[in-house]
Amino acid sequence: MNYLSITDFNNKGAEEYSGAYMVESVKKECDLSEDYILPDYLPDAKKVLKFITNPIIEARFISSSGLDFSGSVYCRALYLGEDSSLRCASFFIPFEERIPSEALTEDCVDFLHPTVSSAVCRLQNPRKLSARLKLCVTLEAWQRSSTLPELYGPSGSENALQTLVNSVPSMNILCLREDDLSFSEDISLDKTMPDIESIILAQASVFFDDCHASKDQIICRGSLCFECIYRSPQGDNQFLRRFIPITEALGCVGADGECNVFAKCLCKVPDVSISEDEFGAKRIIELDLSYGVEISCTKEKSVLYAADAYSVRHTAQNTFSDLSFYSPAEKISSSFSVSEVVPAKDHSLSKEDSILACYLSLSSSAGKHGKLLFEGECKVSFIITKPDGNIKDLPLPLPLRFESDRPFDPLASYKSSVCCKVSSPRVRFDSEQLFFDFEVFISCDILSRCDLHAISCIRLFPESAPLQRSCEITLYYPSPTESIWDVAKKYNVTRKELASANAITSSDLPRVIKI
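These numbers come from a predicted model, not from an experiment.

A. How the structure looks around the packing of aromatic side chains. Enumeration according to the criterion identifies 13 aromatic pairs in this entry. With a centroid separation of 5.5 Å and 80 degrees between ring planes, the pair formed by W142 and Y326 is classed as edge-to-face. Taken together, the positions of W142 in strand β7 (residues 128–146) and Y326 in strand β16 (residues 314–343) put the pair 184 residues apart, joining distant regions of the chain. The class of W142 is buried, set by a relative accessible area of 1%. Among the residues examined, Y326 registers a relative accessible area of 10% and is labelled buried.

B. Up close: the sheet that holds strand β6 (residues 109–125). One open sheet holds the 3 strands; their spatial order is β2-β7-β6, and the pairing between them is antiparallel. Of all the strands in the sheet, the pair left with one neighbour each is β2 (18–37) and β6. On average, each strand axis in the sheet is tilted by 10 degrees relative to the strand beside it, whichever way the strands run. Bridging between β2 and β7 involves 19 bridges; their strand directions are antiparallel. The residue bridging A20 from the neighbouring strand is R144, located in β7.

C. Molecular detail of the environment of E227. Turning to its location among the elements, E227 is positioned in strand β11 (residues 217–231). C-alpha of E227 to C-alpha of F239: the two residues are 12 residues apart in sequence and 7.4 Å apart in space. In contact with E227, not counting residues within four places along its chain, are L201, A202, Q203, F239, L240, R241 and Y359. Polar side-chain contacts of E227 include one of 2.8 Å to the side chain of Q203. There is a polar contact of 2.9 Å between the side chain of E227 and the side chain of R241.

D. Region of interest: the side chain of S85. Position of S85 relative to the elements: it lies in the loop between β4 (66–81) and β5 (86–100). When its relative accessible area of 12% is taken as the criterion, S85 is described as buried. Within the local environment of S85, its side chain forms a polar contact with the side chain of R87, the two groups lying 3.1 Å apart.

Parameters and conventions
- Residues numbered from 1 in each chain as written.
- Predicted model: local features only at pLDDT ≥ 70, side-chain atom pairs only at ≥ 80, totals over all residues.
- Heavy atoms only, no water.
- Phe/Tyr/Trp six-rings, centres within 6.5 Å; stacked < 30°, edge-to-face > 60°.
- Helix = DSSP H or I, 4+ residues; strand = E, 2+ residues; numbered from the N terminus.
- Buried < 20%, exposed > 50% of the residue type's maximum accessible area, 1.4 Å probe, protein only.
- Pairing = 2+ DSSP bridges.
- Axes fitted to C-alpha atoms, helices over the stretch in contact; angles between N-to-C directions.
- Contact = heavy atoms within 4.5 Å.
- Polar contact = N/O pair within 3.5 Å; in protein donor to acceptor, adjacent residues only side chain to side chain.

That's the geometry; what it means functionally is another story.
Here it is in structure tokens:
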């Protein structure tokens, strides 16, 4: 007896039986710390006003036991010096971590996204800053998984095999990762703003909200938000915020117009310098920014799987496995407005105070409760100048909650990826209240999950399949819930033979079936 593994199952192509399967979804948290001594050219610190962090993944490696990755968190501490000047200290905290996993292989499509969930920078003494932060790295890994069952049996036994093949929605997925993108722009000051003597703090972020694919190419359009605090020749501090359109065309083999594209960006610390305009005034900021983008490109498809099988000549034994496939459900772009009023007396504000800067940082996630629900927090940070020249910070955490109009099946399972940006805030301050409002723009990529119970292995034994009838002609009365598959399997005949003998041309069965 030639007992072998039959790879060409039912003469079907492997592509029809394969789709993207999530092999890992995990979040790794680690505590980082750094004690930073101020360099000699910076004055002593009196108070830390704002602490800004930018995590960057610089290297990753998949081994047999997990994913190793390393990078740096670029930190900037905006502080008030002992001489009452506004200063910025820049440093970085390296990290090297591992996510243990036995499911990862080199052919996985992995998405690794770092964030800083909490960060604190305190003064140990006037020359020493102590930074403590929690790094959170989210890993999603996908693999091309096949539902094609393994088939074992005597040579030629596959010819008598009958299979019930169903289909589920799934997708193919590509990952495009570009770590060394660059952007340069000369930013001119508004006419009402004074000249620049020195730049104290500069930061930039990139948000792509319009991404689409064409033949082997992905086009990303969005905006770059540049924020800067600088000192004028008169000695006062100024704040500049500018939104700049940005477009990237990236090569991606396998992409086409039917793909759904979603992008996340991570920016390094921008390189800025001051230059003169045509009149010799220092009114131009030369911006050079390096940033990275991680793009998921998904394409919807159907995956076939074997829901049941039997043989008309041999005894069959089926082994089942539970699988979950995801498919693109929808990409949502939405926005909502946030308005807030803060009583001045609750934060020791007076009418003589002036607002130097307003920073917004936002984190959010998407869930479902009948409709798509976005929840998160916007950390609003005001830098306020007092009449005596002293500078203070006013942090205001705002919880956010927004429900979209898109209804979702409450019993279905979904996975979402969210990117957010905020508009330039509008701020107004009087002697009693601080008013501010802004818009939040959301881009959300939603995948729906389909769970299935599929045959993973079929074993055909040499023994003949038992017959279920004792005479040459059997009359069978099917129940309303039975299909032609159920009857054919019960009597070890093929569906084709059964349909031909009873003139069955649709899914409706006659009241009596002749076997």
